[in-house]
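# Structural overview
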Amino acid sequence: MSGTFENPEVVQEEVDILLIGGGMANCGAAYEIMRWADAAKAESGIDLKIKLVDKAAMDRSGAVAQGLSAINTYIGDAQDPADYARMVSNDLMGITRDDLAYDVGRHVDESVHLFEEWGLPIWKLDENGERHDGSVDMPKLKDGGKPVRSGKWQIMINGESYKWIVAEAAKKALGMDRIQERIFIVKLVNDKNDKNRIAGAVGFSVRDHKVVVYKAKAILLAAGGCVNLFRPRSVGEGQGRAWYPVWNAGSTYTMAAEAGAELTMMENRFVPARFKDGYGPVGAWFLLFKAQATNANGEVYMVKNKEMLNDYPPYGQAAVPASCLRNHLMLKEMQEGRGPIYMDTVTALAKLRETLSPREVKHLEAEAWEDFLDMCVGQCGVWVGENIEPEKKNSELMPTEPYLLGSHSGCCGIWVSGPEDVGAPTSEGLPGQPEHLPKGWNWGYRAMTTVKGLFTAGDGVGASGHKFSSGSHAEGRMCAKSMVKYCIDNKDWKPELDTPADELVAQIYQPVRNYLEFKDYTTAIDVNPNYITPKMLQFRLQKIMDEYVAGVATYYKTNDKMLAVAEEKLEMLKEDAKKMRAKDLHELLRAWENFHRIITAEAHMKHIQFREESRYPGFYYRMDKNFVDEENWKCFVNSIYDKTTQKWTVFKRAHVDLVDKTKLFKPAAH
């Protein structure tokens, strides 16, 4: 019987493994999982029931939805996983988990080789060192083909269909009968008999009047990072134009936190410097085209302000300074009135003409446009609308609003169990963490959170950035193996939800009930003293975060007093959020995205409040503690959330280097 908006159909389903999200991480898990499930069935006779649920459609879901022009993590023959772990650590100001980064480093190339096998065109170098795009038939990477590197870790691709190709392989491996699209999972459910074990999840269709309640032994939660937490630079008709995918609403972090999972490094955020207004990517321009960024006077600020890097040893002394420090040098120019900041595309393309063949020059000039067409069509619109030809006119750069993520140049996320063979600590070196949490960095199944049966990958994994698309896919593949083993090891356990299905449905549809009860109270349905629209509530959230938690309004600056104001305002916002309305399924989706953003925002604020230093200058500044304190704060800041009391417990965990970092740095100048 089909449901109605007022009375949705309730479907209850029991599976062994539930994959939440359709991005690169779960595409990796979906591709990998059946081989392990089939092997388990052959060995033990257990036929695991597996399902993938995506809020959107897998072909264009996740951060790679529109495509990419480069794979940002490929190790190759000239480097090794330890080199990769060193790079990740330095770019994130020294606080990452080497075990997680190393593990990605030793598995990621296999994912890239699979992409090429499935049809992804990868640029190659011929025997003369000349570049060719993926349309030319050359040896594959696994057969010795030499990729065109735009940087030490990046390789160029023709990637407008990147996600489509990867999703197709995932769907073929998993089978369409195991995939359910357009279902927004909004709550995880713990086990009735063990509050520290996952037992299921609940969500609703964004197309039909239907709520789905799942029971599951193991869940892979990989629903992306968090965008639109802060007021964006694009306003008015540009609202919603952002650098990271706007459908990433903090669902991964909030649902994990509410299930009791330990979060880590939620104070970390990424503030990318991108082409102004279009948010177009700059990587190819910096790395492939060798362009430089300048102030309005044509001065290269990375050279002009290089002495500022000496204030942040050793991270400023690396051959490639940390991303936040590069922002730090740019912000000095902007704050002292030497803006706008420009990408000097004119000089870069002119110099390339001096060294490349006419064919390569023509190809690279086309790539200047294709770089945006692959992954950020809106930037092409800006160029066309402003009469910008990159070989004739430079383009403005601007640091964006902050984003929370764990797979790009950020490392916030969930504390997960790492590999057991790389020397990670197995005990905790600092007091203060709650007793029920595991000690050390590995406590069983790879990529399992501190909640039994709950796994994560991609943006969900904290303290381990720079995975990008390929690393997220590799992490998903790791999770597939771990979850199958977990289910076989727990074959006799039956999940029981700690909340009845009818109560879960009532919680999910509360915004609908708010609307239906009060919609006739006023003649203008958007103006009502009894409810608030999701759009209005989101504006309030973004204003709080922007003005008090180091958004663009304050040049990414905050202090303890401003954070205290944010804390009070977020508390009131949580109360008012219970009055959100949903007049249709789209607003119900927006309401639940807001619920997720609010808890994620609170986690971010609490962590910045707890960490009494400015670990990421250029991404945020605590002006009352405007320094990097290596002695007291070179540690992980972790937290857990109690969904009953709605209170946070924030604490330190000890940081340990597992690979030698000294080879990254040169001696400090002072």
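Up top is the structure these notes are about.
Residue numbers run consecutively from 1 along every chain, following the written order of its sequence. Given that this is a predicted model, residues contribute local features only at a pLDDT of at least 70 and side-chain atom pairs are listed and counted only at 80 or more, while totals for whole chains, interfaces and linings are drawn from all residues. Hydrogens and water are ignored here; the side-chain numbers use all heavy atoms of the structure.

Attention now goes to the overall build of the protein chain. To qualify as a helix, a DSSP run of H or I must reach at least 4 residues; to qualify as a strand, a run of E must reach at least 2; elements of each kind are numbered from the N terminus. Helix and strand counts for the protein chain come out as 18 helices and 24 strands. Only C-alpha atoms enter the radius of gyration; for comparison, a globular chain is expected to reach 2.2 Å times N to the power 0.38, where N is the number of residues. Taking 26 Å as the expected radius of gyration for a compact globule of 670 residues, we find that the protein chain reaches 24 Å, a close match to that expectation. For the protein chain, the spread of C-alpha atoms along the principal axes amounts to about 70 × 60 × 50 Å. In the protein chain, once contacts between residues fewer than 6 apart in sequence are set aside, the share between residues at least 24 apart is 77%. Carbon and sulfur atoms form 50% of the exposed surface of the protein chain, whose accessible area is close to 25,300 Å². Contacts: residue pairs with any heavy atoms within 4.5 Å of one another. Surface accessibility in these figures is a Shrake-Rupley result with a 1.4 Å probe; residues are shielded only by whichever protein chains are displayed.

We now examine the layout of surface pockets. Lining residues are defined by having an atom within 4 Å of a point belonging to a cavity or pocket. Those points lie on a 1 Å grid over the protein atoms alone, cavities being sets where a 1.4 Å probe fits but cannot get out and pockets being open sets with protein on both sides within 12 Å along at least five of seven lines. Grid points are joined across faces, edges and corners, and a volume is the space filled by probe spheres set on the points. Put simply, the second largest pocket is a space of about 1,100 Å³. Around the second largest pocket, the lining comprises 34 residues; the ones closest to its centre are Glu258, Tyr641, Asp642, Lys643 and Thr644. With five residues, the single largest contributor to the lining of the second largest pocket is helix α17 (residues 585-610). All residues other than Ala, Val, Leu, Ile, Met, Phe, Trp, Tyr, Cys, Pro, Asp, Glu, Lys and Arg, Gly among them, are scored as polar; the first ten of these are nonpolar and the last four charged. Residues that form the lining of the second largest pocket fall into these classes: 13 nonpolar, 11 polar and 10 charged.

Mapped onto the elements of the fold, Asn559 is located in the loop between β21 (557-558) and α16 (560-577). Residues Asn559 and Glu43, spaced 516 residues apart in sequence, show a C-alpha to C-alpha distance of 58 Å. Side-chain polar atoms of Asn559 contact the backbone nitrogen of Lys561, separated by 2.9 Å. Here a polar contact is recorded for every N or O atom pair within 3.5 Å, except that within protein the pair must consist of a potential hydrogen donor and a potential acceptor, and residues adjacent in sequence are included only if both atoms are side-chain atoms.

The subject of this paragraph is the pattern of salt bridges. One side-chain nitrogen of Lys or Arg within 4 Å of one carboxyl oxygen of Asp or Glu is enough to make a salt bridge. As enumerated under the stated definition, the model contains 46 salt bridges in all. Measuring nitrogen to oxygen at the nearest pair gives 3.4 Å for the salt bridge that ties Lys519 to Asp520. One network of salt bridges, with partners in common, ties together Glu267, Arg611, Glu613, Arg615 and Glu630.

The next subject is the sheet that holds strand β11 (residues 198-205). Backbone-to-backbone hydrogen bonds pair the strands of a sheet. The strands run either parallel or antiparallel. A strand pair is defined by DSSP finding two or more bridges across the two strands. In spatial order, the strands read β1-β12-β11-β10; together these four strands make up an open sheet with mixed pairing. Strands at the two margins of the open sheet, each flanked by one partner only, are β1 (9-14) and β10 (183-190). Strand-to-strand twist in this sheet, taken as the mean axis angle between neighbours without regard to direction, amounts to 20°. Pairing between β10 and β11: seven bridges, direction antiparallel. Paired with Leu188 across the strands is Ala201, a residue of β11. The strands that α17 touches are β10 and β11; relative to β10, the one it contacts most, it runs at about 45°. Geometry is summarised by axes, namely lines fitted to C-alpha atoms with helices restricted to the contacting stretch, and by angles between N-to-C directions that run from 0 to 180 degrees.

In this section: the nonpolar core. We define a nonpolar core as any set of buried Ala, Val, Leu, Ile, Met, Phe, Trp, Tyr and Cys residues linked to one another through side-chain atoms lying within 4.5 Å. Type-normalised accessible area, obtained with a 1.4 Å probe on protein chains alone, sets the label of each residue: buried when under 20%, exposed when over 50%, and partly exposed for intermediate values. Among the nonpolar cores identified, the biggest contains 158 residues, and Leu18, Leu188, Phe204, Ile219, Trp285 and Leu454 are the most heavily contacted of them. Excluding its chain neighbours within four sequence positions, the residues that come into contact with Leu18 are Lys51, Val53, Ala201, Tyr214, Ala216, Ala218, Ile219 and Leu220. If you look at the next biggest cluster of nonpolar residues, it comprises 53 residues, including Leu19, Met24, Met34 and Cys487.

With that out of the way, let us pick up the side chain of His604. With respect to the secondary-structure elements, His604 resides in helix α17. Ignoring anything within four residues of it in the chain, the contact list for His604 reads Phe230, Met266, Glu267, Asn268, Arg269, Leu404, Met545 and Val549.

With that settled, the discussion passes to the packing of aromatic side chains. Here the aromatic set is Phe, Tyr and Trp, taking the six-membered ring for Trp, and pairing holds for ring centres within 6.5 Å; pairs whose planes are under 30 degrees apart are stacked, those over 60 apart are edge-to-face, and all others are tilted. Scanning the entire structure with this criterion turns up 21 aromatic pairs. Measuring from centroid to centroid gives 5.6 Å for Phe270 and Phe619, while their planes differ by 75°, and the two rings are edge-to-face. On the criterion of sequence distance, the pair formed by Phe270 in the loop between β14 (263-264) and β15 (273-275) and Phe619 in the loop between α17 and β22 (621-622) is long-range, its members being 349 residues apart. Exposure remark for Phe270: the relative accessible area of 5% places this residue in the buried category. Pairing Tyr641 with Trp648 gives two aromatic rings, centres 4.6 Å apart and planes at 45°, and the pair type is tilted. Like Tyr641, the residue Trp648 is buried in the burial classification. By the ring-pair criterion, three or more aromatic residues cluster together here, those being Trp243, Tyr244, Phe270, Tyr403 and Phe619. Positioned above the aromatic ring of Phe184, the side-chain terminus of Lys55 is 4.6 Å from the ring centre. By the criterion adopted, a ring carries a charge over it if an Arg CZ or a Lys NZ lies within 6 Å of its centre and within 35 degrees of its normal. Sitting over the face of the ring of Trp633, Lys652 holds its NZ or CZ atom 4.0 Å from the ring centroid.

A few words now on the sheet that holds strand β19 (residues 413-414). Within the open sheet, the four strands sit side by side as β19-β14-β23-β24. Their pairing is antiparallel. Of all strands in the sheet, those with a lone pairing partner are β19 and β24 (647-654), marking the two edges. Those strands touched by α17 are β14, β23 (635-642) and β24, and its axis lies near 50° from that of β24.

Looking now at the environment of Leu48. With respect to the element layout, Leu48 can be found in the loop between α1 (24-44) and β3 (50-54). The exposure class assigned to Leu48 is buried, which follows from its relative accessible area of 7%. Linking Leu48 and Ile488, residues 440 residues apart in sequence, is a C-alpha distance of 8.7 Å. Sequence-distant contacts of Leu48, that is, excluding residues within four places in its chain, are made with Asp16, Ile17, Val484, Cys487 and Ile488.

Another point: helix α14 (residues 510-518). When we look at burial in α14, the residues that qualify are Pro511, Val512, Asn514 and Tyr515. Viewed along the axis of α14, the buried residues span an arc of 160°, placing them on a single side of the element. Buried residues along α14 sit in contact with α13 (501-508) and α17. When we speak of the arc, we mean the arc of directions from the helix axis to the C-beta atoms.

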